[in-house]
Each structure stands twice: as structure tokens, then as C-alpha cells.
Amino acid sequence: MKTVKRALGAISTAALAALWSAPAAAAWTLNLRQGVTPLSREIYHLHMLIFWICVVIAVAVFSVMIYSIATFRKSKGAVSANFSHNTTAEVIWTVIPVMILVAMAVPAARTLVKIDDTSGADMTIKVTGYQWKWQYDYVDEGVSFFSTLSQASNEARQLDSGVNVYEVENYLLDVDNPLVVPVDKKVRVLVTGADVIHNWWVPDFGMKKDAIPGFINELWFRADKVGTYRGQCAELCGRDHGFMPIVVRVVEQAEYESWLASQKAARQAAAAPAAQTADQAGAVAAPNANQKTTVLVANAE
Amino acid sequence: MSATKTHGHAAAHDHHDDHGPAKGMMRWLTTTNHKDIGTMYLIFSLVMFFIGGAMALVVRAELFMPGMQLVDPGFYNTMTTVHALIMVFGAIMPATVGLANWMIPLQIGAPDMALPRLNNFSFWLLVAAFSLLILSLFVPGGGPAAGWTLYPPLVLQTGDAFPLAIFAIHLAGASSIMGAINIIVTIMNLRAPGMSLMKMPLFVWTWLITAYLLIAVMPVFAGAVTMLLTDHFFHTTFFAAAGGGDPVLYQHIFWFFGHPEVYIMILPAFGIVSEIIPTFSRKKLFGYDAMVYATASIAFLSFIVWAHHMFTVGMPLAGEMFFMLSTMLIAVPTGVKVFNWTATMWRGSLTFEPPMLFALAFLFLFTIGGFSGLMMGIAPADFQYHDTYFIVAHFHYVLVPGAVFAIMAGVYYWLPKWTGHMYDMKLANIHFWLSAISVNVLFFPQHFLGLAGMPRRIPDYSTQFADWNMVSSIGAFGFGLSQLLFVYIIIKCARGGARASEHVWDGAYNHGLEWTVPSPAPYHTFDEAPVVK
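Model, not experiment: these values are computed from the prediction. (Residues numbered from 1 in each chain as written. Chains lettered and ligands numbered in written order. Predicted model: local features only at pLDDT ≥ 70, side-chain atom pairs only at ≥ 80, totals over all residues.)

### Regarding the overall build of chain A
Move 1: When its secondary structure is counted, chain A shows six helices and ten strands.
Move 2: Going through the 301 residues of chain A one by one, you find that 32% of them count as buried.
Move 3: In chain A, the share of contacts with a sequence separation of at least 24, taken over all contacts with a separation of at least 6, comes to 65%. (Helix = DSSP H or I, 4+ residues; strand = E, 2+ residues; numbered from the N terminus. Buried ≥ 20, exposed ≤ 12 C-beta atoms within 10 Å, placed from the backbone. Contact = placed C-beta atoms within 7 Å.)

This is the structure in C-alpha cells:
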């Protein structure tokens, strides 16, 4: 009874939430999203093309089946015919599907070529999957940080936490430090894993790629709409696989630059006292230990 | 099948130098009779179907609402993993092997399987395998939780369950290989005089091809899991980049096994449906030759499409292109099959007994699974679908209303032949409608969840996915409970009921050798081979 009440409450809250925050809560969603990159839109249109082709074939095939079931009934006095071959029909229903497949394969191959082309990127970000968080490295900028599930979601998702998850903003899709990228720039993402295989996926960018320990994969996106986009790890990676979301903020170039500058400044500020300590202690401590301290301080920040 | 005439079958039940089954438990432990072994396989798979189903219900109960209410995420992963392993290797495969054991000798006019002792060994090995797998749930570190695909490096983090699960897979694989050898030898050597290959019933054909697939890929899988074992215990690095290995290598080997495995589950289902639709259409199967060639083409193609399961691992463009095109090609022979079944019904004289109802549901719903399969074959689109609920919906459509419905259709088709009794048609119709409706409530919304962006194998989800998950969970409990009716119908039928005639169904008259022996089929049949003209 309590469960039913909670469920009913959940449904009504979901409906309210849908009205409130458009991007996160879209109840009863049926279809793929178009996304915010040229590639994601191309994939969406490809998806719709195949979908409609399948619908047309399904309508044709299912109507013949339903017609047969409705018409050729023994109870209606149908007497079975005696044929078991028809070469013309068999050739037709082998050749036509081949032609339809070729028609599908051409645009699909074209899109595949575009997806594969990571050249001419404006910037590169290295993404490393950990059990169970992401690390982002802006390889040309020396900025690096971890991104983990937000505190509020993490508390709410504990077994029988008693928290109504509908009251948690962007439940399970929120992080402490989102990835920030500029709008209208070709971003190349290098994807790798630190322990097991993860998969970096932002549905609005139309792209997912496995993060494999010891190997580096590539993908690219060019987001043309400012906003916050959310995704999740898409390869089973252990106990907390469901709890390592991805949040990407796409911002104007100027905002991106000031964000980057503040990140660098914060890093320097954090590193400076540590470096000083290191200098003072340099005479007695091994240099390796000092380096480790610096890294720890930077990460803790 | 072309018109068959038999003589000598009457001798089957009045020969008295044959001995009947042994008494008590020893009958089942030591039996070499294909009918006893078939029955044991079928009962075993039904038990596994309920154990695996209970695990699926744990999963669907946790997913009923957002938030973690019932289980730990680690245990949740164990449930999805073991559910899949049990359903694939413990429920669907043994069910089709059980049907093969019962029906292949009856359909080809053979007195038994060619290698009866091996047959007994295959079955009891399977029992050992699944005892180990279920035991692995109770050892320190919990059951296997890395998904049924057992991808490294994650699977190497498994606790004490790891060697148990690997050994279970080895035993189940050995059992399958022995079963496959037995089926091939039986079909090749024990066909009744006059039954040429191209006169064999389609169920025998599909099983012959399935058996070759099993022999080809089961050793590959055994090799892959053995490498996992040595990576874990003997410091090899087949699948670890740090030692010069590659985690993706495992995926290639796994799916080289895994894709043919999909057809190992579905080809016998095709065979069953190809037996049932002609019977209840009172018409010969349309395009018999094309059906055989289509089955063989699907089997061949299954060896060259494996990497469509791994479009996101970062293959070179040429690789993705090749696997996309080869995958799309499978739609052609599969389409031929669907068209042939439809053409068989065309201008037939249809009745809708429970086997036909399940076969028709198969026809519609498997086709839906085929469409979503085609969509995922398109590599760029698959970058969105991969590892979401869309793929979960897809493979459950081909495996549940696909393979499982076909197996249920087969059971309802041949049950009177096995028991000698008709079952309760009214209850079976209710079982059909409950199953057919709830299976769609269960799996259709998962297409929407996948497209909306819900990854698979997650124990909790963001609130936007709540609605369809609740619908799907309601369907799951409906489907699970409906299957209790199936057990009740079978037990009731085994205990008694109206006597079944030799050919059981009026459409089955003259439809194959299995309908020429009495119902129930005597313990020994075809002591003297029938002649097929």
C-alpha cells in the first residue's frame, strides 16, 4: 500500500517536474532526441529514415498476415490450396529487400565517414574513466579535474535513503565539476579507461565511445547550442556503473575563456603554497615525495 | 514434408523382446532412451526458466521506481548477469535440445539417438554445470556480476565465484558439443530409407545446421574463458594492455562465439514454427528449398557479423563499414523466411489451436525484433542505441516472443504425442493471451527508454525514465505469473485428459513420421525403419 502511494506520488511529482524543468524531465518520451551537433542531427535523421522504412515494410507484411488470418479460416469454410512454390514471388521478395538495404546503406556509410573524421579539431580533451568517476584533461591547457556524482544524488541513491528522489535536482544526472566546452568549436575527445572499460556517452552529441584501459579512442563533436547536456557511462563497469554521470556545459567562447582562466588561477593558487613547502623541505625530503604532495593538493582542490 | 507413407511402424509397440524403463530413480540416472532424456532436458529447462525468471523479477522490482529500494547495486549486477547466463545456457538451449531429443528420432524414423550413452552424459553434465553456477551465488565476493558477456578487465574483479562460473561454462559447453555431435551423427546415419536430406522436416534441418554452429563456436568460447582463467590465476596478460594484451581481443573472440550463439537459440525456433504453420494451415510449407537455403545462409552470415556487437570499441572505418554491411545482409534470408511462412498461410485453411497461436505471435513479434535489429545494424545509429534499453528491448523481442514462444508452441504441438492426452485447450488459450499481452507491456516500452537515453545494466535511473519503467515492471510480473499456468497445464496433461489420436491434429495427418506412431509414443519406436517415399 505504501509502495502504491509512493508510486502514485511519484507519478504526479514527475508530471509536475516535467512542467518545471524542460531539459531533465521529459516523461513518456518515445523517440530519440535530435541533439545539438550536426552529427547528432544527421544520426537522428538516419534513425528516422530507417524507422519509417521499417514501418512501411511492417505495414505491408503485417497486413498480408492479418488478411490471411482473417480470410483463410477453416471456420469460414476455406479450403486449402495446393501450391508450395512461386519462383516469381520468391525472386521479388529477395531482390526488393536487397535494393532497400542498398538505399539504407548509402546514407549510413556517408555519415559513418563523417563521424570517423576527427581532423582539424579546435581543441582536445582527454577523458579517463575510473571506477566510478570521470577525469577530464584539457591537454593543451594543463587543466585537469575529476567529475563525480553530485552529493545530493549520492545521498539519495543509497539503499532506503528515505529521500524522495523527485526532490533531488537532476537526480543521478548531476556532477560536482562539469566539463566545460565552447560553443561552435570542433572538440576532439580522447577516451581511455584507468581500471576497467567504461563508455563516455552524451546523447545530445550523438556519440559514444568505449574507454578502454591501455588504449585511446577518439570521438568528436561540435555543439552549436549553448546549454547543459547530460549523459551516463554506457558500459557496465562494476557496482556503481549507474552512478557516474557526465555533465557537459556548452558556453560562449568568452565565458569558456574566463572559466579556463579561473581554473588555471585556482590551480596555481593551490600549487603555490605546496611548492613553497617543497622548497623549504627540499633539503630533507626526497623530491619524489614532494611531487606527490603537489599532485594530491591539486586533486583535492 | 512431402507425402510420407510408412509401414512397419505398427510393429513398434508389439515387440516384446524390448524391455521397458528401469524402475525408480535409476531410470532417470542411467537412461539412454531419447524420450526419457528429452523429457529430462525439457523439465530441466523449465526449472531454469523459473530460476532465471525470478532473477529477472528482482531486477524489474528494483526498477519499478527510481531510487534504490530493494537490493545492493552489486547484487543487482549479479542478478542481470546470472539471469542471462541461466536463460541462454540453462533454459533456451536445453529446451531446444530436449525437443531435438524427443522429436528428431521420431521425425526421421530412427529407433533412438545414434550415441545414447553420450546423450545421458550430456544431460547430467549440464546439471553439474548449473549446480556450480548457482553455487557461485553463495560464495565470498558474491556471484558473477560482470554481465553474461564476461568482459575483462571487469570480470577479473569477480570474487570466489569466478572459477566456479568459468568451470560451469566449460561443462555446459562440453555438454552442448556432445549433444551437437550426437544430433549430427543421428541425422546423418539413422534416417529412414527414402528420407533424403531434402525430404527432412524443417525442424530436423534447422537442428542439423544448429549442431554444426555449436561445434564450430563452443570451443572458441571455451578458449576465451580459459584465457580469462589464466589471466586471473596464472599472470598471463591475454586481455591486459599492461602486458601486451588487449581487452578488445576478448570481445572479438566472445562475439565470434556470441553471434552464432544467437542463431543457435533461434534456428531451432524457426524449425518449430516451420512445422506448426503448415499443420494448422492444412497446406504444405511454402518454399521448402528456399527455407533450407535461407537457414544455411543465416548460419554462414552469423560467422562474419560478430563485431556489430562492438561498434563503439573504436574499430577502424573499414571494419565498421564491413560489419555494418554484412549485418544488413542478414535481413535478406530472414525476410525470405518470414515471407515463406506468410505464403504458407495464404489460401490455406487456418485453425487457431494453442500451438498455432504461439507460432503466429512468434511471426509478428520476432519480425518486430528483426526490425530493431536492422536499425542497430546501421552503425552510425547504433552509436546512439548501443548499450541502452533499445538493445535490451531488441534481444528480448527475438528471444522471448521469439525463441521462447516458439518453444512453447512446440510443447503445445507435441505434448499430446508425448503424454497421450490432450491438454486443457481453454487454459492454454488463456496462457497464450496473458503471455502475448504481458510480453509486449514488458518489452515494448523498453524501446522508448533506450531511445530516451537510458543505459542498460543500471540499478537506478533518473526520474525522466520512471514512467515507462513502471509499465515495463508491471508487464514483467504479469508475464512471470502467467507462466505458472503453463506448468499447471503441463502437469494436468501428464496426469490425464482426453485421449489423443495418432496424428493428434487433423492438419497433422500425413505431415510427418512422428504422427504415424501411437500417442503416447511408446518407449521404443521404429525398431523397424519405416520407408519414406
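More follows now that the structure is in view.
### Regarding the overall build of chain B
Move 1: Summing up its helical and strand segments, chain B has 15 helices and zero strands in all.
Move 2: Against the 2.2 N^0.38 benchmark of 24 Å for 533 residues, chain B shows a C-alpha radius of gyration of 23 Å, consistent with a compact globule.
Move 3: Summarising its shape, the C-alpha atoms of chain B cover approximately 70 × 50 × 45 Å along the three principal directions.
Move 4: Within chain B, the fraction of its 533 residues that count as buried is 64%. (Rg over C-alpha atoms; globule rule 2.2 N^0.38 Å.)

### Notes on the confidence of the model for chain A
Move 1: The predicted model of chain A has a mean per-residue pLDDT of 86, with 81% of residues at 70 or higher.
Move 2: Low pLDDT, under 50, characterises residues 278–301 of chain A; the predicted model gives this stretch 18 contacts beyond four residues in sequence or across chains. (pLDDT = per-residue confidence, 0-100.)

### Re the interface of chain A and chain B
Move 1: Taken residue by residue, the interface counts 87 residues in chain A and 83 residues in chain B.
Move 2: Listed by contribution, the elements that provide at least two residues to the side of chain A that touches chain B are helix 1 (2–20), helix 2 (38–71), helix 3 (87–116) and strand 7 (207–211) of chain A.
Move 3: The leading source of residues in the side of chain A that touches chain B is helix 3 of chain A, at 16 residues.
Move 4: In the side of chain A that touches chain B, the residues fall into 55 nonpolar, 18 polar and 14 charged. (Nonpolar A, V, L, I, M, F, W, Y, C, P; charged D, E, K, R; others polar.)

### Considerations on the confidence of the model for chain B
Residues and elements named next belong to chain B.
Move 1: Across chain B, the average pLDDT comes to 94, with 96% of residues at or above 70.
Move 2: Every residue in residues 1–17 is under pLDDT 50, and counting partners more than four places away or in other chains gives 34 contacts.
Move 3: Among the prediction metrics, the complex's ipTM stands at 0.91, with pTM recorded as 0.90.

### Topic: helix 7 (residues 247–281) of chain B
At 3.6 residues per turn, the α-helix brings residues three or four places apart onto the same side.
Residue and element names in this part refer to chain B.
Move 1: Over its 35 residues, helix 7 extends 51 Å from the first C-alpha to the last, a length consistent with the 51 Å expected when each residue adds 1.5 Å.
Move 2: Trp-255 marks the point of greatest bend in helix 7, at about 30°.
Move 3: Directly beyond the C-terminal end of helix 7, a positive phi value near 55° is found at Arg-282. (Expected span 1.5 Å × (residues − 1). Bend = angle between axes of the 7 residues up to and from the residue.)

### What about the domain arrangement of chain A?
All names here are of chain A.
Move 1: Domains assigned within chain A are domain 1 (38–116), domain 2 (123–251) and domain 3 (258–300).
Move 2: Across the contact, five residues belong to domain 2 and six residues belong to domain 3.
Move 3: For the side of domain 2 that touches domain 3, the per-class residue count stands at four nonpolar, no polar and one charged. (Domains from an automatic or database assignment.)

### Topic: the pairing of strand 6 (residues 198–202) of chain A
Residue and element names in this part refer to chain A.
Move 1: For strand 6, the buried fraction is high: five of the five residues fall into the buried class.
Move 2: Neither face of strand 6 is left uncovered, since the one carrying His-198, Trp-200 and Val-202 and the one carrying Asn-199 and Trp-201 both have all their residues buried.
Move 3: Bridge analysis of strand 6 against strand 7 gives five bridges, and the strand direction is antiparallel. Paired with Trp-200 across the two strands is Lys-209, which belongs to strand 7.
Move 4: Count of turn residues in the strand 6/strand 7 antiparallel hairpin: four residues, of which Gly-206 carries a positive phi of about 70°.
Move 5: Bridge count for strand 6 against strand 9 (residues 227–233) is two bridges, and the pairing is antiparallel. What sits directly across from Trp-200, in strand 9, is Cys-233. (Pairing = 2+ DSSP bridges.)

### Some remarks on the nonpolar core
Move 1: Ile-92, Val-273, Phe-358, Ala-359, Phe-362 and Ala-409 of chain B are the most contacted members of the largest nonpolar core, which totals 251 residues.
Move 2: If one sorts the elements of this core by residue count, helix 13 (residues 389–419) of chain B sits on top with 22 residues.
Move 3: Each of domain 1 (38–116) and domain 2 (123–251) of chain A gives at least three residues to this core.
Move 4: In this structure Ala-409 of chain B touches Ile-272, Val-273, Ile-276, Pro-355, Phe-358, Ala-359 and Phe-362 of chain B, once residues within four positions along its chain are discounted.
Move 5: If you look at the next biggest cluster of nonpolar residues, it comprises five residues, including Ala-500, Val-504, Ala-508 and Trp-515 of chain B. (Core = buried A, V, L, I, M, F, W, Y, C linked by C-beta atoms within 7 Å.)

### Describing the sheet that holds strand 10 (residues 246–251) of chain A
Residues and elements named next belong to chain A.
Move 1: Pairing in this open sheet of five strands is mixed, and the strands run 4-10-9-6-7 from one edge to the other. Of all the strands in the sheet, just strand 4 (179–182) and strand 7 have a single pairing partner and so form its edges. When the angles between neighbouring strand axes are averaged without regard to direction, this sheet yields 25°.
Move 2: Examined bridge by bridge, strand 4 and strand 10 share four bridges and lie parallel to one another. Opposite Val-181, over in strand 10, you have Val-250 as the bridge partner. (Axes fitted to C-alpha atoms, helices over the stretch in contact; angles between N-to-C directions.)

### Quick notes on helix 9 (residues 317–329) of chain B
Move 1: The end-to-end C-alpha separation of helix 9 of chain B is 19 Å, in line with the 18 Å expected for 13 residues at 1.5 Å each.
Move 2: The complete set of buried residues in helix 9 of chain B reads Glu-320, Phe-323, Met-324, Thr-327, Met-328 and Leu-329 of chain B.
Move 3: On the buried face of helix 9 of chain B, the contacting elements are helix 3 of chain A together with helix 8 (288–301), helix 10 (331–345), helix 11 (354–377) and helix 12 (379–385) of chain B.

### Focus on the pairing of strand 3 (residues 143–147) of chain A
Residue and element names in this part refer to chain A.
Move 1: Direction of pairing for strand 2 (residues 133–138) relative to strand 3: antiparallel, over a ladder of five bridges. Paired with Trp-134 across the strands is Ser-147, a residue of strand 3.
Move 2: Adjacent in sequence and paired antiparallel, strand 2 and strand 3 are bridged by four residues, among which Gly-142 carries a positive phi angle near 70°.

### As for the sheet that holds strand 1 (residues 123–130) of chain A
All names here are of chain A.
Move 1: One open sheet accounts for five strands, arranged 3-2-1-5-8; its pairing is mixed. Unpaired on one side and paired on the other, strand 3 and strand 8 (217–221) mark the two borders of the sheet. Shown here is a sheet whose adjacent strand axes are inclined to one another by a mean of 25°, direction ignored.
Move 2: Here seven bridges tie strand 1 to strand 5 (residues 187–193), and the two strands are oriented parallel to one another. Its bridge partner being in strand 5, Thr-124 is matched across the sheet by Arg-188.

### Some remarks on the environment of Thr-128 of chain A
Residues and elements named next belong to chain A.
Move 1: With respect to the helices and strands, Thr-128 occurs in strand 1.
Move 2: Each C-alpha atom, one on Thr-128 and one on Gly-193, is 5.1 Å from the other, the two residues being 65 residues apart in sequence.
Move 3: Aside from chain neighbours lying at most four places away, what touches Thr-128 is Gln-135, Thr-192, Gly-193, Ala-194 and Ala-211.

### Digging into unusual backbone geometry
Move 1: Following Gln-131 of chain A, the chain continues to Trp-132 of chain A via a peptide bond in cis, the omega torsion being 0°.
Move 2: Examined against the element boundaries, Trp-132 of chain A turns out to sit in the loop between strand 1 and strand 2.
Move 3: The backbone of Phe-526 of chain B sits at a positive phi, close to 50°, despite the residue not being glycine.
Move 4: With respect to the secondary-structure elements, Phe-526 of chain B resides in the segment after helix 15 (466–495).
Move 5: Among the residues examined, Phe-526 of chain B registers 25 C-beta atoms within 10 Å and is labelled buried.

### A look at the environment of Asn-469 of chain B
Residue and element names in this part refer to chain B.
Move 1: Positionally, Asn-469 belongs in helix 15.
Move 2: Separated by 26 residues in sequence, Asn-469 and Phe-443 place their C-alpha atoms 9.9 Å apart.
Move 3: Those residues in contact with Asn-469 that lie beyond four places of it in its chain are Leu-63, Phe-64, Leu-449 and Tyr-461.

### Remarks on the packing of helix 2 (residues 34–62) of chain B against helix 4 (residues 116–135) of chain B
Residue and element names in this part refer to chain B.
Move 1: Running from amino to carboxyl end, helix 2 crosses helix 4 at an angle of 15°, the nearest separation of the two axes being 10 Å. By the criterion of interaxial angle, the relationship of helix 2 to helix 4 is roughly parallel. As for the relative orientation of helix 2 and helix 4, their crossing is left-handed in sense. Two secondary-structure elements touch here, helix 2 through His-34, Ile-37, Met-40, Tyr-41, Phe-44 and Met-48 and helix 4 through Asn-119, Asn-120, Phe-123, Leu-126, Val-127 and Phe-130.
Move 2: Its residues assigned to classes, the contact of helix 2 with helix 4 comprises nine nonpolar, three polar and no charged. (Parallel < 35°, antiparallel > 145°, perpendicular 65-115°, else oblique. Left-handed = near helix turned anticlockwise from the far one by under 90°.)

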